[in-house]
Amino acid sequence: MRVLVVNAGSSSLKSQLLETDGKISLMKCLAEKVGTSDAYMNVSFAPDFKKTKYQMPGLSVSECLAKLLDILVEDPESPISALDQIDAVGNRIVAGGEYFTKSAVIDDEAREKLTLCEELAPLHNPPADACIDMMREHMPNTPQVAVFDTAFHSTMPPKAYLYPLPREYYEKYRIRRYGAHGTSHRYAAQQAANLLGRPLRDLGIITCHLGNGGSITAVNHGKSIDTTMGFTPLEGLMMGTRSGSIDPAIVTYLMRREHKTFDEMDRILNKESGILGVSGLSADMRDVLQAADDGDEWAELAIEMYVHRVQKAIGGYYAIMTRTDAVVMTAGIGENSAELRERIFAGLAHMGMILDKDRNNVTGEIGLNRVISIDDSPIKICIVTADEEIRIARETDNLVSQLG
Ligand code: ADP
């Protein structure tokens, strides 16, 4: 099945055209700085993926996607010449709230529910919905599927998802923990079970998605029972630019002391904190590792804080699972940084997570899912390569195939 995967962000658009049978990518697109005068979009086609850059000043995310659809039909390198040659569309949706506990084919009823989810991710959901509407208009006969970041976490029990706030705020506004990165955690857990050669339902797995954003999930017998992200993706781990969990009283303190507005606080916590805020250098872990190597004390401290928080989350989830068979590392930092993995697991050996230093350092197998703990490690440590677009395409394929 030929699936167009659409991943609309607040100011970005990622898209791929994928052939799900062979997991083959036919087209890749990345638009950045969308909405500004500097907005651009890179589009490339198989087999050589040579990028063509298009300037997209002032266009919205859905307008960029409309332009991409034109390019797909008109470019001589494109594998298609009409939109009906796309069999299905898979949309990544950040927040599904309590309305969606699994991926859904977007019919009129689902589309109405999507609107209700918009206030849960006001930066991300509205542009994704606008893309869906535009495609429903331009390709009305092509089935569309919504794949939610939150759906995998809908199995969390109330004791994990409720906040200790007055109950009325849950009842009135559905303020609760929803989690994120769900497709990644589900995939990482399943791949780890494959590596261990045992059914996921028999296992307890702690999945660590450590990228620009980061979250850790306790996957007990195949189900998410807790995850570090909450009402929004700001809760939990220290991230590239996000603070993760802090004492909430700091927010009101800063607003009083420095007369910060709501928007300023939002920006500080989401864009100016985390690795960037502490190091004062960069949100990119590679830069910060290099600076720490060169003797920068704040860069070193930022890494130590990052590691400390990851360790606490893994330890906390070990405590609430009925068993722990494996810890999985995935996404940019988790997959690629042998140094971060070494630092994290240096503190966890006493819990039975024993890294094999040589396996951890092997660079020749990058991209391959693999076990990097010693043979006798009571809890296995695995690396799983995240490939969000392929997962969304396959999920879409599954649902659309069931439509018949
Ligand atoms: P996103 O959450 O935007 O999808 P990624 O999963 O691509 O992000 O992760 C990006 C992060 O991964 C960045 O902080 C980057 O520095 C980090 N990263 C990528 N490769 C390495 C590496 N070899 N060593 C350390 N960090 C890395």
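For the structure, see preceding data.
Residues numbered from 1 in each chain as written. Predicted model: local features only at pLDDT ≥ 70, side-chain atom pairs only at ≥ 80, totals over all residues. Heavy atoms only, no water.

1. Re the overall build of the chain
Where we set the bar: Elements are defined by DSSP. Helices are runs of H or I of four residues or more, strands are runs of E of two residues or more, and each kind is numbered from the N terminus. It is over C-alpha atoms that the radius of gyration is taken, and the globule rule equals 2.2 Å times the number of residues to the power 0.38. Only protein chains enter the accessibility calculation, which uses a 1.4 Å probe; a residue is then buried when its area is under 20% of its type maximum, exposed when over 50%, and partly exposed in between. Here, two residues are considered to be in contact whenever any of their heavy atoms come within 4.5 Å of each other. Computed with a 1.4 Å probe, the accessible areas rest on the Shrake-Rupley method; for each residue, only the protein chains presented here act as cover. In summary, the charge assignment counts Lys and Arg as positive and Asp and Glu as negative, without counting His or the chain termini. For the purpose of locating charges, the reference atoms are NZ of Lys, CZ of Arg, CG of Asp and CD of Glu.
Looking only at helices and strands, the chain has 15 helices and 14 strands in total. For 404 residues, the compact-globule estimate of 2.2 N^0.38 gives 22 Å, and the chain sits close to it at 21 Å. The principal-axis extent of the C-alpha atoms belonging to the chain is close to 60 × 55 × 45 Å. Here the chain holds 404 residues, and the buried ones make up 50% of them. Within the chain, contacts between residues separated by at least 24 positions form 60% of all contacts whose residues are at least 6 apart in sequence. Total accessible area on the chain stands at roughly 19,000 Å², and carbon and sulfur atoms take up 50% of it. Positive and negative side-chain charges in the chain, numbering 42 and 56 respectively, have mean positions lying 5 Å apart.

2. Considering helix α2 (residues 108–117)
The criterion, for reference: The directions considered for the arc run from the helix axis to the C-beta atoms.
Buried within α2 we find A110, R111, L114 and C117. Projected down its long axis, α2 carries its buried residues within an arc of 105°, all on one side. In α2, the exposed positions that point more than 90 degrees away from the buried face belong to D108, E109 and E112. The inward-facing, buried residues of α2 abut β6 (88–93), β7 (104–105), α3 (125–138) and β8 (144–148).

3. Looking at the side chain of Q144
Relative to the helices and strands, Q144 resides in strand β8. The exposure class of Q144 is buried, given its relative accessible area of 4%. Residues in contact with Q144, not counting those within four places in the same chain, are V89, N91, A104, V105, I106, I132, M135 and R136.

4. Concerning unusual backbone geometry
Across residues other than glycine, the phi torsion is negative in most instances, and most of the peptide bonds are trans. The omega torsion of the bond from A46 to P47 falls at 5°, within 30 degrees of zero and hence cis. If you trace the backbone, P47 turns up in the loop between β4 (40–45) and β5 (52–55). Even without glycine at this site, H181 takes up a positive phi of about 55°. With a relative accessible area of 14%, H181 lands in the buried category. Despite not being glycine, A331 has its phi angle at roughly 75°, a positive value. Take A331: it is sitting in helix α12 (residues 331–336). A331 sits in the buried class, given a relative accessible area of 7%.

5. Thoughts on the sheet that holds β6
Defined as follows: In this description, strands pair whenever DSSP reports at least two bridges between them. Think of each axis as a best-fit line through the C-alpha atoms, taken over the contacting stretch in the case of a helix, with angles from 0 to 180 degrees between the N-to-C directions.
Overall, mixed pairing links the 8 strands, which are arranged β5-β4-β3-β2-β1-β6-β8-β7 in an open sheet. Taken across any chain shown, the strands that pair with only one partner, and hence form the sheet edges, are β5 and β7. Pairing analysis gives 5 bridges linking strand β1 (residues 2–8) to β6, with the strands arranged parallel. Paired with L4 across the two strands is V89, which belongs to β6. Along the sheet, helix α1 (residues 61–74) contacts β1, β2 (13–19), β3 (24–32), β4 and β5; its crossing angle with β4, the most-contacted strand, is approximately 30°. This element, helix α15 (residues 388–403), spans β1, β2, β6, β7 and β8 of the sheet and lies at about 125° to β6.

6. Examining the nonpolar core
Side chains of a nonpolar character, in soluble globular proteins, are inclined to be buried together. What counts here: In this text, buried Ala, Val, Leu, Ile, Met, Phe, Trp, Tyr and Cys residues form a nonpolar core when linked through side-chain atoms within 4.5 Å.
Core analysis: the largest hydrophobic core is formed by 43 residues, its most contacted members being L4, M27, M41, V43, L72 and M135. Here this core gets 7 residues from one element, more than from any other, and that element is α1. Contact partners of M135, with chain neighbours within four places excluded, come to L4, V6, L65, L69, V89, N91, P140 and Q144.

7. Some details on α15
Note the threshold: Here a helix's expected span is defined as the number of its residues, less one, multiplied by 1.5 Å.
The first and last C-alpha atoms of α15 sit 23 Å apart over 16 residues, in line with the 22 Å expected at 1.5 Å per residue. Every buried residue belonging to α15 is among E389, I390, R391, I392, A393, T396, D397, L399 and V400, and all of these are buried. Downstream of α15 by a residue or two, G404 has a phi angle that is positive, lying close to 90°.

8. Digging into the sheet that holds strand β10 (residues 214–220)
Ordered by their spatial adjacency, 6 strands build an open sheet running β11-β10-β9-β12-β14-β13, and the pairing between neighbours is mixed. Strand pairing shows two members of the sheet lacking a second neighbour, β11 (223–227) and β13 (370–371), which therefore form its edges. The pairing of β13 with strand β14 (residues 380–383) spans 2 bridges and is classified as antiparallel. By the bridge assignment, R370 is partnered in β14 with I383. Those strands touched by helix α6 (residues 182–196) are β9 (204–210), β10, β11, β12 (326–330), β13 and β14, and its axis lies near 130° from that of β9. Running at roughly 15° to β10, helix α11 (residues 297–320) makes contact with β9, β10, β11 and β12 of the sheet.

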